[in-house]
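Residues per chain are reported as follows:
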Amino acid sequence: MLDEQFVKQMPKLGFGLMRLPRVVDSDVIDVEQTATMANMFFDAGLKYLDSAYVYEGSEEAARNAVTSRHDRNTFYITSKLNAGVAKDEADAKNQIHVSLEREGVDYIDFYLLHALSENNVAKYDAWNLWDYVKQLKEEGKIKHYGFSFHGTAKLLDELLTKHPDVEFVQLQINYADWNNPSVDSKGVYEVARKHNKPIIVMEPVKGGTLAAPPVKVAELLKKADPDASYASWAIRFVASLPGVMVVLSGMSNLAQMEDNLSYMKDFKPLNEEEMKVIEQAMDILASIDQIPCTGCHYCTAGCPMQIQIPDIFKAMNMDLIFNKKEEAKKRYDSATKEPHAKASACVQCGQCEVQCPQHIEIRSWLKRVSEVLE
Ligand code: SF4
Ligand code: SF4
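Only a predicted model underlies this, so the values are computations on that prediction, with no experimental measurement involved. (Residues numbered from 1 in each chain as written. Chains lettered and ligands numbered in written order. Predicted model: local features only at pLDDT ≥ 70, side-chain atom pairs only at ≥ 80, totals over all residues. Heavy atoms only, no water.)

1. Regarding the layout of surface pockets
- The volume enclosed by the second largest pocket comes to roughly 380 Å³.
- If you trace the second largest pocket, you find 17 residues lining it, with Glu4, Val7, Asn196, Pro198 and Gly243 closest to the centre.
- Of all the secondary structure elements, the ones that give two or more residues to the lining of the second largest pocket are helix H1 (4-9) and strand S8 (244-249).
- For the lining of the second largest pocket, the leading source of residues is H1, giving 3 residues.
- Across the lining of the second largest pocket, the residue classes break down as 7 nonpolar, 3 polar and 7 charged. (1 Å grid on protein atoms, 1.4 Å probe; cavity = no way out; pocket = protein on both sides within 12 Å on 5 of 7 lines; lining within 4 Å. Points joined across faces, edges and corners; volume = space filled by probe spheres on them. Helix = DSSP H or I, 4+ residues; strand = E, 2+ residues; numbered from the N terminus. Nonpolar A, V, L, I, M, F, W, Y, C, P; charged D, E, K, R; others polar.)

Written out as C-alpha cells, the structure reads:
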C-alpha cells in the first residue's frame, strides 16, 4: 500500500505524455520540445510522468526526452497493461517488457491495468492479470500497481472490494462530468474515497474542452477572475479534492506547460468562493440539453445491428454540451466504423430500451443523432 506520507508529499501535477508536441507539419513527436517541457516541469519540483503501452510513440519519447537525460531517482514514470490490444494472455503479459525497453528504465514506478470497464474486465480476470501485477511487484519490475477506470461507480465498488490490495486508482474526474451520468465523476470519486484509495485524476480538462468551455461558463469564469485561464479552474478544482494524489495534464506545448506551472508549482486549493463559482459552472452545464446515458452498455449486447449506442451518445453530447460539431462528428465516425452500424441503421426493434436503466428513449435519440451527425 502507498504510505500516507508518500501520498501527501507527491507533487500534485503530473505530466501526461499522451498528447506530446509534434514537429511542425508532421505526426512525429518533437523530442527536443518535449525535453524542454520536462526540464521546466522538473525545475518546478514536479515528478510524475504518465505514459502507456498503447500511447503511440509516447514511451519512446519518454526515453529520448526524459529518462535518458535525468537521474532515475528524480522522477516517477508509469505505464499501463492493455488487455484490449493483446492477442492472448502471453501477449498481454509481455507488454511490461516492451514498456521497460521503450521507456529505457529497469523498473516502472506506477503500473496500471488500463481502462477497465464493464466491457473488458472479464478479460483481465480470465488472464489473471490482477495476480500478474502483484508478481511484477515482487520481482521488482514495478513499484506500485493500480488500474485506470472508465466504468460505473457500481463496478468500481465491486473491483475495489474484490481486490483490496490495489494501491491506487486512476479516474476521469472534471467539473463537467461531476454530475454527468455518463461519466459520474462524483460517483466514482466517492467510491474511491470509501475504499481509501489514493486517486490519480485523468482528463481534468475533459480532453481540452474545458480550456474553451461553453460561452456561459466562460463568461462566469472570466468575471470571477479575469486573469485565470479556463484550464486553471478545471485543474485546480480536481487538485483541491481530498484524496487526490496527482492530476494528469496532457500538455502539448510550452505555453500549456507554462500555464499549468503558473498555478500548480505552488498549488493553492480553490477557496470557498471559487468552489461556489465551479458549482455554478456545473449548474450551467447541467441545464444544457444532453443525453443522460451512463455508458453502462446494457443496451448493446442484444442490438441486432451492433450499434454502439453509448459511444454514439457520447459523441452527440459533445455537440449538445460543448457545441463542438466537428469533434462530435469525428467521435461519431469512430463509433460507427465497421462492424458497428450508424444510428440510421436502427431497425426500431426496441430491445435496447427495455435494458436501459436510465429509461432513455434510445430510438428517438438515434434518429436525432443521425440527422445531426451523419
Ligand atoms: S432499437 Fe435500434 S438500437 Fe435498439 S436494439 Fe433495436 S436496432 Fe439496436
Ligand atoms: S443502457 Fe441506457 S444508459 Fe446504459 S449505455 Fe445504453 S443508453 Fe446508455
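2. Some thoughts on the site of ligand 1
- As a matter of local geometry, ligand 1 sits amid 14 residues, with Cys303, Cys346, Cys349, Gly350 and Cys352 nearest to it.
- Those elements giving two or more residues to the shell around ligand 1 turn out to be helix H15 (351-355) and helix H16 (362-373).
- In terms of residue class, the shell around ligand 1 is made up of 10 nonpolar, 3 polar and 1 charged. (Near = heavy atom within 4 Å.)

3. Description of the nonpolar core
- Counting residues in each nonpolar core, the largest one holds 116 residues, and the members touching the most others are Phe15, Phe147, Tyr175 and Phe313.
- When residues of this core are assigned to their parent elements, the largest contribution, 9 residues, is made by helix H13 (residues 309-322).
- When residues no more than four places from it in sequence are discounted, the contact partners of Tyr175 are Leu210, Pro213, Val217, Leu221, Ala234, Phe237, Ile278, Ala281, Met282 and Leu285.
- By size, the runner-up hydrophobic cluster in this structure holds 14 residues, among which are Phe6, Phe168, Ile200 and Met245. (Core = buried A, V, L, I, M, F, W, Y, C linked by side-chain atoms within 4.5 Å. Buried < 20%, exposed > 50% of the residue type's maximum accessible area, 1.4 Å probe, protein only. Contact = heavy atoms within 4.5 Å.)

4. Quick look at the pattern of salt bridges
- Inspection of every chain in the model, using the stated rule, returns 22 salt bridges.
- Between Lys186 and Glu190 there is a salt bridge, and its shortest N-O distance comes to 3.5 Å. Of the two residues, Lys186 and Glu190 both sit in helix H8 (residues 185-194), 4 residues apart, roughly one turn of that helix.
- Lys186 gets classed as partly exposed once you look at its relative accessible area, which sits at 32%.
- Glu190 gets classed as partly exposed once you look at its relative accessible area, which sits at 42%.
- Among the salt bridges present, the one from Asp319 reaches Lys325, with a minimum N-O distance of 3.7 Å.
- Take Asp319: its relative accessible area is 9%, and that puts it in the buried class.
- Beyond isolated ion pairs, a larger network of salt bridges with shared partners links Glu59, Glu60 and Arg102. (Salt bridge = Lys/Arg side-chain N within 4 Å of Asp/Glu carboxyl O.)

5. Remarks on helix H2 (residues 31-43)
- The end-to-end C-alpha distance of H2, which contains 13 residues, comes to 18 Å, matching closely the 18 Å that a straight helix rising 1.5 Å per residue would cover.
- Every buried residue belonging to H2 is among Gln33, Thr34, Ala35, Met37, Ala38, Phe41 and Phe42, and all of these are buried.
- Buried residues along H2 sit against strand S1 (13-16), strand S2 (48-50), helix H3 (58-67) and helix H11 (254-264).
- Regarding H2, its N-cap is Asp30, as a side-chain oxygen of that residue lies 3.3 Å from the backbone nitrogen of Glu32 further along.
- Of the residues one or two after H2, Gly45 is the one with positive phi, at around 85°. (Expected span 1.5 Å × (residues − 1). Polar contact = N/O pair within 3.5 Å; in protein donor to acceptor, adjacent residues only side chain to side chain.)

6. Some points on the side chain of Asn82
- Secondary-structure assignment places Asn82 in the loop between strand S3 (76-81) and helix H4 (89-103).
- Here Asn82 falls in the buried class, since its relative accessible area comes to 12%.
- Only 2.8 Å separates the side chain of Asn82 from the backbone nitrogen of Gly84, close enough to count as a polar contact.
- Setting aside anything within four residues of it in sequence, one finds Asn82 in contact with Val54, Gln95, His114 and Tyr124.

7. Observations concerning the site of ligand 2
- Around ligand 2, the surrounding shell consists of Cys293, Thr294, Gly295, Cys296, His297, Cys299, Pro310, Phe313, Cys356, Pro357, Gln358 and Ile362.
- Within the shell around ligand 2, the residues separate by chemical class into 8 nonpolar, 4 polar and no charged.

8. Describing unusual backbone geometry
- Cis rather than trans, the peptide bond between Glu338 and Pro339 has omega equal to 5°.
- Relative to the elements of secondary structure, Pro339 occurs in the loop between helix H14 (325-335) and H15.
- Phi at Asp25 takes a positive value of approximately 60°, unusual for a residue other than glycine.
- Structurally, Asp25 is set in the loop between S1 and H2.

9. Quick word on the side chain of Ser185
- With respect to the secondary-structure elements, Ser185 resides in helix H8.
- A distance of 2.9 Å separates a polar side-chain atom of Ser185 from the backbone oxygen of Gln172.
- Apart from the residues lying within four places of it in its own chain, the contact partners of Ser185 are Gln172, Ile173, Asn174, Asp177 and Trp178.

10. Describing the packing of aromatic side chains
- Under the criterion given, the structure shown has 12 aromatic pairs.
- Summarising the aromatic geometry, the rings of Trp130 and Phe147 are spaced 5.6 Å apart at their centres and angled 80° between planes, so their arrangement reads as edge-to-face. In this pair, Trp130 sits in helix H6 (residues 129-138) while Phe147 sits in strand S5 (residues 142-149), placing the two residues 17 residues apart along the sequence.
- These aromatic residues form a ring-pair network of at least three members: Phe6, Tyr48, Tyr76, Phe110 and Phe168.
- The residue whose ring lies beneath Lys143 is Tyr107, and the NZ or CZ to ring-centre distance is 4.6 Å.
- The ring of Tyr230 has Lys222 lying over it, and the distance from NZ or CZ to the ring centre is 5.1 Å. (Phe/Tyr/Trp six-rings, centres within 6.5 Å; stacked < 30°, edge-to-face > 60°. Lys NZ or Arg CZ within 6 Å of the ring centre and 35° of its normal.)

So far we have only geometry, and geometry alone does not tell us how the molecule works.
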